[in-house]
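# Understanding the architecture of this molecule
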Amino acid sequence: GYGYKGGVGKGNPYGSGQEQVRSWSGSGIAIGKRQIATNHHVIEGATNMYVSLSGSDVEYRAETVVSDPENDLAIIKITDDQFPGFVNAKYGFKKETEDVGMGVFVLGYPMVSSMGSEIKLTTGVVSSRSGYEGNMSQYQISAPVQPGNSGGPLFNDNGELIGIISSKHLEAENVSYGVKLNYLCSLAEGVDGVDLEHSSEIANLSLSEKCKAVIPFTVMIKADNFRTSS
């Protein structure tokens, strides 16, 4: 399920009492030349990970750098030598807690088996500066999200990354959650290659133009637990 339990979004492929899932997918956002932020539950249990860019069938091998199960965050790195690296990102990063009412947009790859692999956009507002059961590590937002949006970026209307999408409330309409950026900043301390200091260069652009600037840096993460031989 893509619900909420104990304050952490759950997507563990080893669900108790359920048939074991062997492969799954999520989303991520570039935070360095090869580094990508996503959810812990997207990479949990994976023995293989691959990253693909919007509009491309090429898959690049990746590995986990650091993970925070409590706040459902992870940083992975593309290790494939064929990947040229992310360059010239124009979006910014906002570490201060965003205000209620600020417009937001979400990009990601939800439910690819039925909705297709093209990147999807949803929009809304910051509904609350706290999340499930008052969790202060999260925002509550009104932008709809689905399985597969996990790990994708949460941007404000100024083109600043303010969080990482983690889950939605199964018993409410248009109630979704994103982990605040400052928790990602704490996780990224000491991780080589991560840069969370950019100011937005797209604040005055239309939403359509903002998306054009962000989409090349919003990735699909494919994971599986098929063991590979050495």
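A brief structural summary. (Residues numbered from 1 in each chain as written. Predicted model: local features only at pLDDT ≥ 70, side-chain atom pairs only at ≥ 80, totals over all residues. Heavy atoms only, no water.)

## Thoughts on the pattern of salt bridges
Under the criterion given, the structure shown has six salt bridges. When the shortest N-O distance is used, the salt bridge between K90 and E201 registers 3.7 Å. Taken together, the residues K90 in the loop between β7 (73-78) and β8 (92-93) and E201 in the loop between α3 (181-188) and α4 (207-214) connect sequence positions 111 residues apart. Taking the relative accessible area as the measure of exposure, K90 reaches 40% and is therefore partly exposed. Its relative accessible area of 55% is what places E201 among the exposed residues. With a closest N to O distance of 2.6 Å, K95 and E197 form a salt bridge. Within this pair, whereas K95 is found in the loop between β8 and β9 (103-108), its partner E197 is found in the loop between α3 and α4, the two being separated by 102 residues in sequence. Judged by its relative accessible area of 32%, K95 falls in the partly exposed class. Overall, E197 belongs to the exposed group, its relative accessible area being 58%. (Salt bridge = Lys/Arg side-chain N within 4 Å of Asp/Glu carboxyl O. Helix = DSSP H or I, 4+ residues; strand = E, 2+ residues; numbered from the N terminus. Buried < 20%, exposed > 50% of the residue type's maximum accessible area, 1.4 Å probe, protein only.)

## Details of the side chain of S27
If you trace the backbone, S27 turns up in strand β3 (residues 23-30). Among the polar contacts listed, one links the side chain of S27 to the backbone oxygen of G148, at a separation of 2.6 Å. For S27, the contacting residues outside a window of four places in its chain are A37, T38, G108, Y109, G148, N149, S150, G151, G152, V219 and I221. (Polar contact = N/O pair within 3.5 Å; in protein donor to acceptor, adjacent residues only side chain to side chain. Contact = heavy atoms within 4.5 Å.)

In short, geometric facts, not functional conclusions.
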